[in-house]
Amino acid sequence: MLNAIQEQIKASIETKEIVLKDEQLQLELVRLVEACLKSLTAGGKIIFCGNGGSFADAQHLSAEFTSRFMFDRAPLPSLALGTNSSAISAIGNDYGYEFVFSRELQSIATSDDVFVAISTSGNSKNVIAAIEVATEKSVPTYAFTGANGGKMKSMCNALCIPSNDTARIQECHILLGHILCGLVEKQYFAG
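Remember, predicted model here, so these are calculated numbers, not experimental data.

Asks: How do you make sense of helix α7 (residues 166-188) when you look at a structure like this?
Replies: For an α-helix the count is 3.6 residues per turn, leaving residues at separations of three or four pointing the same way. In a regular helix each residue adds 1.5 Å, so 23 residues correspond to 33 Å; α7 covers 32 Å between its end C-alpha atoms and thus fits that length. Within the span of α7, buried status applies to Arg 168, Ile 169, Cys 172, His 173, Ile 174, Leu 176, Gly 177, Leu 180, Cys 181, Gly 182, Val 184 and Glu 185. If you check the start of α7, you find a side-chain oxygen 3.0 Å away from the backbone N of Ala 167, and it comes from Asp 165.

Pasting the structure below:
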């Protein structure tokens, strides 16, 4: 069992080493940081969404903005789509599960916001529907996804983790998400 644990840790490190060498991916993260700073300065908010583990990541990263990350400071406007269970059940029942994020995004998003869509496959129908709404509303949109990016890669700015392993992809999503939160927080409150 110890070998199995060590193999999983090694696999995680190997994926992160590939990310460390991927300057294009890092430059895309810089662009996302800049988009978030522009949005917050204009009075916008940072909106996240995802399914399953990516839903948890969306909530986690949004909370880093609205609470605090590295230091005490004023809250930054952010939210994760899908956290209102009544809206999810109503939209799912009335329109279909693929619209649970897009209907909510349609009601709250403005072009001053930034939308971050998270999907390990890049093919989640409800996340894709939300990206379509963001595009219609001229909301700058970024995707955290896996190796090939799925359909989402061609729809928006994509940060594609170089792996096909869901666990490795999600580990890197939260790594990049924490870097995003830290850089935005530091730059926004720098003066």
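Asks: Would you mind going over the nonpolar core with me for this structure?
Replies: Leu 32, Phe 48, Phe 65, Val 116, Leu 176, Leu 180 and Val 184 are the most contacted members of the largest nonpolar core, which has 31 residues in total. Counting residues per element, the ones that place at least two in this core are α2 (23-41), β1 (46-50), α3 (53-66), β3 (114-118), β4 (141-145) and α7. With 8 residues, the single largest contributor to this core is α2. Residues in contact with Leu 176, not counting those within four places in the same chain, are Val 19, Leu 25, Leu 29, Phe 144, Leu 159 and Ile 161. Core analysis: the next-biggest nonpolar cluster, separate from the first, contains 22 residues, Ile 91, Ala 130, Val 133 and Val 139 among them.

Asks: It is not clear to me how the packing of α3 against α7 should be interpreted in this structure. Could you clarify?
Replies: In a packed pair of helices, the relevant descriptors are the angle between the two axes and the axis-to-axis distance. Two numbers describe how α3 lies on α7: the axes approach to 10 Å, and their chain directions differ by 15°. Here α3 is positioned roughly parallel relative to α7, judged by the angle of their axes. Judged by the sense of rotation from one axis to the other, the crossing of α3 with α7 is right-handed. Contacts between α3 and α7 involve Gly 53, Ser 54, Asp 57, His 60, Leu 61, Glu 64 and Phe 65 on the former and, on the latter, Gln 170, His 173, Ile 174, Gly 177, His 178, Leu 180, Cys 181 and Val 184. For the contact of α3 with α7, the class distribution of residues is 6 nonpolar, 7 polar and 2 charged.

Asks: Got a minute to help me understand the environment of Lys 153 in this structure?
Replies: Considering the arrangement of structural elements, one finds Lys 153 in the loop between β4 and β5 (157-160). Considering only alpha carbons, one finds Lys 153 and Tyr 142, 11 residues apart in sequence, at a separation of 9.2 Å.

Basis of the calculations
- Residues numbered from 1 in each chain as written.
- Predicted model: local features only at pLDDT ≥ 70, side-chain atom pairs only at ≥ 80, totals over all residues.
- Heavy atoms only, no water.
- Helix = DSSP H or I, 4+ residues; strand = E, 2+ residues; numbered from the N terminus.
- Expected span 1.5 Å × (residues − 1).
- Buried < 20%, exposed > 50% of the residue type's maximum accessible area, 1.4 Å probe, protein only.
- Polar contact = N/O pair within 3.5 Å; in protein donor to acceptor, adjacent residues only side chain to side chain.
- Core = buried A, V, L, I, M, F, W, Y, C linked by side-chain atoms within 4.5 Å.
- Contact = heavy atoms within 4.5 Å.
- Axes fitted to C-alpha atoms, helices over the stretch in contact; angles between N-to-C directions.
- Parallel < 35°, antiparallel > 145°, perpendicular 65-115°, else oblique.
- Left-handed = near helix turned anticlockwise from the far one by under 90°.
- Nonpolar A, V, L, I, M, F, W, Y, C, P; charged D, E, K, R; others polar.

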